[in-house]
Amino acid sequence: MALLYKADPVRGQHWQALFAEQAPDIAWRAWPDLGNPAEIEYLAAWTAPDDVAQVLPNLKVLFALSAGVDQLDLSRLPPDLPVVRLLDPGITRGMCEYASWAVLSLHRDMLRYRQQQVARCWQAHLLQPAANRRVGVMGLGAQAQQILATLAPLGFALSGWARSAHQIAGVDCYAGKEQLPAFLSQCDILLCVLPLTEQTRGILNHHLFDQLPRGAALINMGRGGHLVEAHLLEALGSGQLSGAVLDVLQEEPAPASHPFWDHPQIVLTPHIAAMTQPHSAFGVLLENIRRFERGEPMVGEVDRSLGY
């Protein structure tokens, strides 16, 4: 029995050491050195090899080394191959840290103060109490719920929206297309952590922005495919939106000519809200392998019909 690793080689060394120490019964292989492909039963990867069924004839499970799987073309994978997202607690902690920083930066008007610093302008502006600032989260999965729990002690008025109904203490929850306008109408800061599917691709567009209160701000921690970038520029230019914090783009890395680089109302970070860390993710991955071996359900298995 062997596991094939196909991702960043530097972090792969840490993964390899953890497997050697804690799971010596699972042979380690690193792409492209497959050894005997027939021995490989598990694939841990960011993206799968082309023709994975031919390359790995005895593959039993594909473990995506990410919280999302939109980088995988699920239609090209064998239909009976389980695909499992990596629910790394380290990723969740990182997402909560980034969300807190982004929300507080927008709440405390740091984009304007940064512009004033560049202009050598010393001017204070009226401080809005957190209780008067409405923060809405699109997507109410496990990570989103942890983000909301992290924001709650700061005193913001919190709401959330998802395709299906949820009940979360201290959070006004909305569900489905019918309730999306009501949700958007009371979001001073909108934070997107939706999974990227055909239904959510391009959801952050001019139609959505027009339903937000004038002067609202956007945080996108989901995927670049959620955002129609030209529509964001239009909304910022018209004043419908006052600012944006973006960790993801349609094209990564952003080319030097991208208009977001120099935009005074945009904070751009290079997809660093959270990163898979071997030391925190290893136990999750190994436990799922053991669950599979025992015939038990794995945590994070993707529903192909939903795409996540």
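If you check an unreviewed UniProt entry, the chain appears there as Glyoxylate/hydroxypyruvate reductase A from Pseudomonas azadiae.

1. Let's talk about the overall build of the chain
Within the chain, the regular secondary structure consists of nine helices and 12 strands. In terms of C-alpha radius of gyration, the chain reaches 21 Å, essentially the compact-globule figure of 19 Å for 308 residues. In terms of its C-alpha atoms, the chain occupies a principal-axis envelope of roughly 65 × 40 × 35 Å. Across the 308 residues in the chain, those meeting the buried criterion constitute 49%. Carbon and sulfur atoms make up 53% of the accessible area of the chain, which totals about 15200 Å².

2. Examining helix H3 (residues 89-107)
With 19 residues, H3 extends 27 Å from end C-alpha to end C-alpha; this agrees with the ideal 27 Å at 1.5 Å per step. Of all 19 residues in H3, 14 are buried; the element is thus mostly enclosed.

3. Some details on the pairing of strand S7 (residues 157-162)
In terms of residue burial, S7 counts as a mostly covered element, since five of its six residues are buried. Looking at chain direction, strand S6 (residues 134-138) and S7 are connected through five bridges and run parallel. Its bridge partner being in S7, Val135 is matched across the sheet by Leu158. For the crossover from S6 across helix H5 (residues 142-151) to S7, the handedness is right-handed.

4. Quick word on unusual backbone geometry
In this chain, Trp31 is followed by Pro32 through a cis amide linkage whose omega measures 10°. Tracing the chain through its elements places Pro32 in the loop between strand S2 (27-30) and strand S3 (40-45). Across the junction of Glu252 and Pro253, the peptide omega takes the value 0°, indicating a cis bond. If you trace the backbone, Pro253 turns up in the loop between strand S11 (241-246) and strand S12 (266-268). Here Asp51, not a glycine, exhibits a phi torsion of approximately 50°, which is positive.

5. A few points about the environment of Val52
Position of Val52 among the secondary structure elements: in helix H2 (residues 52-55). Taking the C-alpha atoms as reference points, Val52 and Ser105, 53 residues apart in sequence, are found 44 Å from one another. When near neighbours in sequence (up to four residues on either side) are disregarded, Val52 contacts Leu43, Leu59, Leu77 and Pro78.

6. Some details on the side chain of His258
Following the sequence through the fold, His258 ends up in the loop between S11 and S12. Among the residues examined, His258 registers a relative accessible area of 11% and is labelled buried. Polar contacts involving the side chain of His258 include one to the main-chain amide nitrogen of Phe260, which spans 3.0 Å. Leave out the neighbours within four places in its chain, and His258 touches Glu229 and Leu249.

7. A word on the nonpolar core
Core analysis: the biggest nonpolar cluster contains 30 residues, and Val103, Ile147, Leu191, Val193, Ile219 and Met221 have the highest contact counts within it. Elements with a minimum of two residues in this core: H3, S6, H5, S7, strand S9 (189-192) and strand S10 (216-220). At eight residues, H3 tops the list of elements feeding residues into this core. Not counting the four nearest positions on each side in its chain, Val103 is found in contact with Val135, Leu151, Phe156, Ile189, Leu191 and Ile219.

8. Things to note about the sheet that holds S2
Spatial ordering of the open sheet is given by S2-S1-S3-S4-S5, a layout of five strands whose pairing is parallel. Taken across any chain shown, the strands that pair with only one partner, and hence form the sheet edges, are S2 and strand S5 (83-84). Looking at chain direction, strand S1 (residues 2-6) and S2 are connected through four bridges and run parallel. Looking at S2, one finds that Ala2 is bridged to Ala27.

9. Let's talk about the packing of aromatic side chains
For the structure shown, the criterion picks out seven aromatic pairs. A ring pair is formed by Tyr42 and Phe63, whose centres lie 6.1 Å apart and whose planes are at 40°; its orientation type is tilted. A residue pair is termed long-range when its members are at least 10 positions apart, and Tyr42 in strand S3 and Phe63 in strand S4 (residues 61-64) qualify at 21 residues. Classification of Tyr42 by relative accessible area gives buried; the value is 1%. Members of the aromatic cluster, each reached through a chain of ring pairs, are Tyr5, Phe19, Trp28 and Phe282. It is Lys6 that lies over the ring of Trp31; its NZ or CZ is 5.4 Å from the centre.

10. Focus on the packing of H3 against H5
A packed helix pair is summarised by two numbers, namely the angle formed by the two axes and the spacing between the axes. Two elements in contact, H3 and H5, have axes separated by 9 Å at closest approach and are oriented at 50°. Viewed along their axes, H3 and H5 adopt a mutual orientation that is oblique. Every pair of crossing elements has a handedness; the one defined by H3 and H5 is right-handed. On the side of H3, the interface is formed by Ile91, Thr92, Met95, Cys96, Ala99, Ser100 and Val103, while H5 contributes Gln143, Gln146, Ile147, Thr150 and Leu151. By residue class, the composition of the contact of H3 with H5 is seven nonpolar, five polar and no charged.

Cut-offs used in this document
Residues numbered from 1 in each chain as written. Predicted model: local features only at pLDDT ≥ 70, side-chain atom pairs only at ≥ 80, totals over all residues. Heavy atoms only, no water. Helix = DSSP H or I, 4+ residues; strand = E, 2+ residues; numbered from the N terminus. Rg over C-alpha atoms; globule rule 2.2 N^0.38 Å. Buried < 20%, exposed > 50% of the residue type's maximum accessible area, 1.4 Å probe, protein only. Areas by Shrake-Rupley, 256 points an atom, 1.4 Å probe, with all protein chains shown as cover. Expected span 1.5 Å × (residues − 1). Pairing = 2+ DSSP bridges. Right-handed = clockwise from strand over helix to strand, strands pointing away. Contact = heavy atoms within 4.5 Å. Polar contact = N/O pair within 3.5 Å; in protein donor to acceptor, adjacent residues only side chain to side chain. Core = buried A, V, L, I, M, F, W, Y, C linked by side-chain atoms within 4.5 Å. Phe/Tyr/Trp six-rings, centres within 6.5 Å; stacked < 30°, edge-to-face > 60°. Lys NZ or Arg CZ within 6 Å of the ring centre and 35° of its normal. Axes fitted to C-alpha atoms, helices over the stretch in contact; angles between N-to-C directions. Parallel < 35°, antiparallel > 145°, perpendicular 65-115°, else oblique. Left-handed = near helix turned anticlockwise from the far one by under 90°. Nonpolar A, V, L, I, M, F, W, Y, C, P; charged D, E, K, R; others polar.

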